[in-house]
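Here is what each chain is made of, one letter per residue.
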Amino acid sequence: MSTEVAREPGAAMTARQTMLARRPVLTVTAGGVALLICASLPLWAFPDDYSVGILLQIAIYAGYGLSWHLLAGYTGQYSFGHATFFGTGAYVLSVLSYHTEVSPWFGIGLAAIGAALVGLIVGLIAVRLSGLFFGLITFGTSLMLGVAANQLVDLTGGAAGLPLPLRVDQPEMMQFSTQVPLFEITLVVVFGYLLLTWGLLRSRLGLLFRSVRDDPVAADASGVNVRGVRLGALCLSAAMAGLIGAIYAQSLLFIDPESAFGLTQSVNAIFTAIIGGVGSVLGPVFGAVAFVLLRELGIAISEGNGVYSVLFYSAVVFVLIMVAPKGLAGIGRSLAALRGRSFGKRVRR
Amino acid sequence: MNLLIETLLNGLLVGGVYGIFSVGFALQFGTLRIINFTHGDFVMLAMYLGFFAISRYGLNPFAVIPVAMVVFGLVGAGLFTAVFDRLKDEPHEIQLIATITMSAIITAATQGFFGQDARSLDTISDGLNLFGVHLGTWKVIGLGISVLLAGGLWLLLNRTGIGREIRASVDDNVAARLQGINTRRAYLVAFSLGALLAGAAGATLATFYPVTPSIGANLLVLAFAGVLVGGAGSLPGAFVGGLLLAVVQQVTATYQSPALQNAYVFLLFLFILVVKPTGLFGRLARVD
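Basis of the calculations
Residues numbered from 1 in each chain as written. Chains lettered and ligands numbered in written order. Predicted model: local features only at pLDDT ≥ 70, side-chain atom pairs only at ≥ 80, totals over all residues. Helix = DSSP H or I, 4+ residues; strand = E, 2+ residues; numbered from the N terminus. Buried ≥ 20, exposed ≤ 12 C-beta atoms within 10 Å, placed from the backbone. Contact = placed C-beta atoms within 7 Å. Rg over C-alpha atoms; globule rule 2.2 N^0.38 Å. Pairing = 2+ DSSP bridges. Core = buried A, V, L, I, M, F, W, Y, C linked by C-beta atoms within 7 Å. Expected span 1.5 Å × (residues − 1). Nonpolar A, V, L, I, M, F, W, Y, C, P; charged D, E, K, R; others polar. pLDDT = per-residue confidence, 0-100. Axes fitted to C-alpha atoms, helices over the stretch in contact; angles between N-to-C directions. Parallel < 35°, antiparallel > 145°, perpendicular 65-115°, else oblique.

We now examine the overall build of chain A. Along the backbone of chain A there are 16 helices and two strands. When each of the 349 residues of chain A is scored for burial, the buried share is 51%. Expressed as a percentage of contacts within chain A between residues at least 6 apart in sequence, the contacts between residues at least 24 apart total 76%.

Of regular secondary structure, chain B possesses 11 helices and two strands. Listing the helices and strands of chain B from first to last along the sequence gives α-α-α-α-β-β-α-α-α-α-α-α-α. Its C-alpha radius of gyration of 18 Å places chain B within 12% of the 19 Å reference for a compact globule of 288 residues. Within chain B, contacts between residues at least 6 apart in sequence are counted, and of these 78% link residues at least 24 apart.

With that out of the way, let us pick up the pairing of strand β2 (residues 133-136) of chain B. All names here are of chain B. Pairing of strand β1 (residues 127-130) with β2, which is carried by four bridges, proceeds in the antiparallel orientation. The residue bridging Gly127 from the neighbouring strand is Gly136, located in β2. From the end of β1 to the start of β2, which pair antiparallel, there are two residues, and Phe131 there has a positive phi angle of about 50°.

Before going further, it helps to spend a moment on the nonpolar core. Of all hydrophobic cores here, the largest spans 203 residues; its most connected members are Phe21(B), Ala46(B) and Ala200(B). When residues in this core are grouped by element, the largest group, 15 residues, is from helix α11 (residues 226-252) of chain A.

Residues and elements named next belong to chain B. In a regular helix each residue adds 1.5 Å, so 23 residues correspond to 33 Å; helix α4 (residues 92-114) covers 33 Å between its end C-alpha atoms and thus fits that length. Of all 23 residues that make up α4, 18 are buried, and the element is covered over most of its length. Count one or two residues on from α4 and you reach Gly115, which has phi positive near 80°.

Now for the interface of chain B and chain A. Opposite the 35 residues of chain B that make contact, chain A presents 37 residues. Secondary structure elements with two or more residues in the side of chain B that touches chain A: α4, α9 (215-230) and α11 (261-275) of chain B. A total of 15 residues in the side of chain B that touches chain A trace back to one element, the largest contributor, which is α4(B). Residue composition of the side of chain B that touches chain A, by class: 26 nonpolar, five polar and four charged.

Given a rise of 1.5 Å per residue, 18 residues ought to cover 26 Å, and the 26 Å separating the end C-alpha atoms of helix α15 (residues 306-323) of chain A matches this to within 8%. Inspection of α15(A) places Ser309(A), Val310(A), Leu311(A), Phe312(A), Tyr313(A), Ser314(A), Val317(A) and Ile321(A) among the buried residues, and these make up the whole buried set. Where α15(A) is buried, its residues contact α13 (263-276) and α14 (283-301) of chain A together with α4 of chain B.

On to the confidence of the model for chain A, then. Residue and element names in this part refer to chain A. Looking at chain A, pLDDT values average 81 and 86% of them are 70 or higher. Of all the helices and strands in chain A, helix α1 (residues 2-22) carries the lowest mean pLDDT, 48, while helix α4 (residues 83-99) carries the highest, 92. Every residue in residues 1-12 is under pLDDT 50, and counting partners more than four places away or in other chains gives 23 contacts. Per-residue pLDDT stays below 50 along residues 340-349; that stretch engages in seven contacts with residues further than four places along the chain or on separate chains.

Okay, the packing of helix α5 (residues 137-159) of chain B against helix α8 (residues 183-205) of chain B next. All names here are of chain B. As a packed pair, α5 and α8 sit with axes 10 Å apart at the nearest point and diverge in direction by 170°. One element, α5, and the other, α8, form an angle in the roughly antiparallel class. Facing Gly142, Ile145, Leu149 and Leu153 of α5, the residues of α8 in contact are Leu193, Leu197, Ala200 and Thr204. Across the contact of α5 with α8, the residue classes tally to six nonpolar, two polar and no charged.

The next point concerns the environment of Phe62(B). Note on placement: Phe62(B) falls in helix α3 (residues 61-87). When the C-alpha positions of Phe62(B) and Ala201(B) are compared, they lie 13 Å apart, and in sequence the two are 139 residues distant.

What follows concerns the packing of helix α3 (residues 49-75) of chain A against α13(A). All names here are of chain A. Between α3 and α13, whose axes approach to 8 Å, the crossing angle comes to 80°. It follows from the interaxial angle that α3 and α13 lie roughly perpendicular. On the side of α3, the interface is formed by Tyr61, Tyr64, Gly65, Trp68, His69 and Ala72, while α13 contributes Asn268, Ala269, Ile270, Thr272, Ala273 and Gly276. When its residues are assigned to classes, the contact of α3 with α13 shows seven nonpolar, five polar and no charged.

The next thing to look at is unusual backbone geometry. Here Leu253(A), not a glycine, exhibits a phi torsion of approximately 55°, which is positive. Its location among the elements puts Leu253(A) in the loop between α11 and β2 (254-255). Backbone geometry at Arg33(B) places phi at a positive 60°, although glycine is not the residue there. As for its placement among the helices and strands, Arg33(B) is situated in the loop between α1 (2-32) and α2 (39-55). A tally of 20 C-beta atoms within 10 Å means that Arg33(B) is categorised as buried.

A separate point is the confidence of the model for chain B. Scored by pLDDT, chain B has a mean of 85; 97% of the residues are at 70 or more. At the level of chain-chain contacts, confidence expressed as ipTM amounts to 0.80, with global pTM at 0.80.

The next thing to look at is the environment of Gln111(B). If you trace the backbone, Gln111(B) turns up in helix α4. With 19 C-beta atoms counted inside 10 Å, the residue Gln111(B) sits in the partly exposed group. Spatially, the C-alpha atoms of Gln111(B) and Thr212(B) are 8.3 Å apart, while their sequence positions differ by 101 residues. The residues touching Gln111(B), leaving out its near neighbours within four places in the chain, are Val307(A), Gln116(B) and Pro213(B).

With that out of the way, let us pick up the environment of Asp89(B). Structurally, the position occupied by Asp89(B) is in the loop between α3 and α4. Distance in space between the C-alpha atoms of Asp89(B) and Asp122(B) is 46 Å, their sequence separation being 33 residues.

This is the structure:
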């Protein structure tokens, strides 16, 4: 069942892969130019604090979406509780900053390692199973860690949350006078993730990932260590999500169990990756732009009422997904395919 | 000793209701192979229906439950035709995001409409004393209703034509279609039955459990875990899974803390998965 369904986005990816493989230098150059343009956005396009905040949010959710997408898109493991890793990263950094003098520069690294360890533990149980079980185990873990963050009041501050110490204008403690440097840091991380995903697609490891997704039985028969590959992908994805979670906590200088481990945070990863379109390297980035802007628009038109904001963006995403199940990247691809053909003909990839 | 018996019995009584909505979830998942994230919200909406019908209009709960079943069965049929019938052939991730967003829409709309406050009926405190053991009256009635519904569903699935068609579609929908079975109709009926069970569970639950707009997510986790503990693909398994989880919840709530309820549910779930990955009554691990 899953194999036939999962193969569909795979076909597109292979086509894309061959296209990219032909022109790697061009792609890397284009990526570098895009990085410079994005990095300079706060200088000329969006200089005010509010816009930089939005840019930072977009970068954070792009990275978070990319980590979910690496796992689901390339190894077919759908995590319903990605907040497990996001939240672990956020809490590792916050607890370190609150209780010790460790600089967040090390903190975000430790956050990634901590999240990867959680991924390893979850994975040792979860990779033996597939599909629904995998999703539910990650979901259940996020639930348990949420309970733990609520109960361990001495360490985590409990349900009230944990404020990070304010160290105004101390770059060595990753606190700056504006949010711009943090945005640049996140941007570099996101481009690193993109490069990683893109590199994976072109490598033998990426092939292993996709073989496990498309046909685990055949992969196993060909000598692929299916569980090992799944576990490795999970740890990698967890580390990515943990690093982003740490940046998230650092950007707010506050963390609480609900925003770290809550269902909403898990759903955000899925939202971001899927609105963009699963199976496209840049999908989660488009998804993050759409997601954050929709959410801001929702907050604006509902005058700050969180409930109506959720209602608004959920409704938009729902309509979008029913109209264009291939996501934003899918719409883009269809439009590109439409060009030069008779208008009105429905083009399926 | 009395406390232990009371705790276990209360668990079993609440478990009946958990059982029937787990069965509803399993029925929908087994036929359509879609994880219906709105299932918990359906129960929540049915709880609101029950709450307002009983508290505002003074209707008898016994009259409200059948009405909720009919209403939610019809809503389920409508939802199937409008959304799930189309989703059936989409990739997993599309199904996932579509039902998750629908669930978010329902939850947020309910929050906007009724507010965050928990509401509970007076019937919540009705109690009776059996040999020194204190039990909620409506919990006892709730278990009775659940057992009746589960039995009715069993008869429907095993003793009628449409039941046979549904079972055939669950086992192998291609082979079923080759035998001339209208699988779309089987799916429609199965999905509506799932929604109907959610309606019944919600209206019953409202008589002894406070309702909040966000309760749907908690109930969904339970249905999820109940199905997997009982064994994916087994409806009796889902019922027993629901019962078991409710007992675990009650024991945790009594002897430790209600805040840890779901953590223990998850531990039980993990334990069973490690010991017997197919669940208690699972025939095959056909979950992905």
